[in-house]
Amino acid sequence: MKLGFVVNPIAGMGGSVGLKGTDGELYEEALKRGAKPVAPSKAVRFLQALSEKGFQGVIVAANSVMGCDYLSSSRLRFSCLDLPDRGKSVTSREDTLRVIEVFLKSDVDLIVFVGGDGTARDVLSVAGTKVPILGVPSGVKMYSGVFATSPEVAAEVVVEFERGNISVDQVEVADVDEIKLKEDLLNVRLYGYAVAPVLEGFVVPSKDLVSGSEEEKWGIAKYFIEEYMFPGVLYFLGPGTTTKAIADLLGLKKTLLGVDAIYERKLVGRDLSESEILRLIEKYGRVSLVVSVIGRQGYIFGRGNQQFSARVLRLVKKTDIFVLATHSKLAGIKYLLIDVGDPELELELSGYWRVITGYGEETVKLVLPACCVDKYLSSGGLTQYLKT
């Protein structure tokens, strides 16, 4: 098997600094805010897992920071393209397009990219449906259905594809309008259909924007305020219309897609970055996080709310994290997922979590670490999985 491998080295940089992407001018803004690369570590995790799982094929990789830099210490068999130029310090969308063109000429059997929805669009624009594609998730938000749940799971999918155990299917490639995002407006557009190796539970479906009725959200918000909002506690509200309903009921103007902070029923922070959240935790001491669920995909951390980083989550008790979701959003989701780039922390947080689903209504939902979904699904259940 011949595998094409390309990395968008700036993908996902905007998440921890409160941006909703890294495309275009947002990259410069991310740098100004002190953003650090996240895609390289995802690439290394993917390649390490690919080696451990016994991949037998040959990798055709983009040059330098777009691929071969992460393979240099690997035992995997690979060859490097001349693209992009090794001396090039800043890569671009055009580099990705040229690399994909070479992949097609090289007759690769599968293209794996590390990036987000913007990278998926670029890959699709050249590859079309000629070659299956698979995304290692590294974006700020990922609405497309081409991504594995984690780098390790992506490696499992590739190996099973190589062994002929997975077929391909058509999946959606979508992205948000980042100009509208600056105005706090969510406008998702379908860009086309790719073919991808699909294995239930290993590759997440495209995000469902249906989130339930306004009455459901107001019921959840009213119940949360009455039962779980206490004096002396700082509350961080994550993105989404369900968490925004809490601020609406309190008469506060919350950002739709950002993380905001409320103390004593007053807004004390809007559209916060990871570093700003850490400073507020140090200042206030007692804090709670309030998040909602990504429709169809099931993520509660790691998609659109990367400000709640591993460093932040290590400072907050699990019992002080509240998950809100309408019944309609939870319907069809077998388990919830955490993907914070720290497999050890993801394992610590796995287990059964309370989810507030309505006024006076709560349910319990299994939360799995995105890093290791493959182990859970192959072990036959949570008890066996936790023993592995």
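Rules of the game
- Residues numbered from 1 in each chain as written.
- Predicted model: local features only at pLDDT ≥ 70, side-chain atom pairs only at ≥ 80, totals over all residues.
- Heavy atoms only, no water.
- Pairing = 2+ DSSP bridges.
- Helix = DSSP H or I, 4+ residues; strand = E, 2+ residues; numbered from the N terminus.
- Axes fitted to C-alpha atoms, helices over the stretch in contact; angles between N-to-C directions.
- Disulfide = S-S within 2.5 Å.
- Buried < 20%, exposed > 50% of the residue type's maximum accessible area, 1.4 Å probe, protein only.
- Salt bridge = Lys/Arg side-chain N within 4 Å of Asp/Glu carboxyl O.

Asks: How should I be thinking about the sheet that holds strand β4 (residues 110-115) in this particular structure?
Replies: Picture the strands of a sheet paired through backbone hydrogen bonds; they go either parallel or antiparallel. Taken together, the five strands give an open sheet; going across it, the order is β3-β2-β1-β4-β5, and neighbouring strands pair in parallel fashion. Each of the sheet's edge strands pairs with one partner strand only, and the pair in question is β3 (77-80) and β5 (133-137). Taking each pair of neighbouring strands and ignoring which way they run, the sheet shows an average axis angle of 25°. Examined bridge by bridge, strand β2 (residues 58-61) and β3 share four bridges and lie parallel to one another. Across the sheet, the residue bridging to Val58 is Arg77, located in β3.

Asks: What is the right way to look at the state of the cysteines in this model?
Replies: Cysteine pairs can be covalently joined through their sulfur atoms, and such a bond is termed a disulfide. With the rule as written, the count across this model stands at two disulfides. Each sulfur of the disulfide joining Cys68 and Cys80 lies 1.9 Å from the other. Here the S-S torsion is close to -115°, and the disulfide linking Cys68 with Cys80 is therefore left-handed. A residue pair is termed long-range when its members are at least 10 positions apart, and Cys68 in the loop between β2 and β3 and Cys80 in strand β3 qualify at 12 residues. Residue classification places Cys68 among the buried residues on the basis of a relative accessible area of 5%. In this structure Cys80 comes out as partly exposed when scored by relative accessible area, which is 38%. Each disulfide pairs two cysteine sulfurs, and for Cys371 the partner residue is Cys372, the sulfurs being separated by 2.5 Å. Between Cys371 and Cys372, the S-S dihedral sits near -85°, and the bridge is therefore left-handed. Neither residue differs from the other here; Cys371 and Cys372 are each classed as buried.

Asks: Which parts of the structure should I look at to understand the pairing of β4?
Replies: A regular strand places its side chains so that they alternate between the two faces of the sheet. In terms of burial, β4 is largely enclosed, as six of its six residues are buried. Inspection of the sheet shows strand β1 (residues 2-7) paired to β4 by five bridges, in the parallel sense. Each residue of the ladder has a partner; that of Val6, found in β4, is Phe113. Sheet topology note: the β4/β5 ladder contains five bridges and is parallel. From the neighbouring strand, Ile111 faces β5, where its bridge partner is Ile133.

Asks: Help me out: how do you make sense of the pattern of salt bridges in this one?
Replies: When charged atoms on two side chains of opposite charge get close, those side chains can pair. One pass over the full model with this rule turns up 13 salt bridges. Between Arg45 and Glu152 there is a salt bridge; the shortest N-O distance is 2.9 Å. With Arg45 in helix α2 (residues 39-52) and Glu152 in helix α5 (residues 151-162), the pair connects residues that are 107 residues apart, well separated along the chain. On the basis of relative accessible area, Glu152 is assigned to the buried category, the value being 17%. Lys222 is paired through a salt bridge with Glu226; the nearest N and O atoms lie 2.6 Å apart. With Lys222 and Glu226 both in helix α7 (residues 214-228) and four residues apart, this pair spans about one turn of that helix. A residue is classified by how much of its surface remains accessible, and Lys222, at 41% relative accessible area, is partly exposed. Classification of Glu226 as partly exposed rests on a relative accessible area of 41%. Look at the salt bridges and you will find they share partners, linking Arg314, Asp342 and Glu348 into a network.

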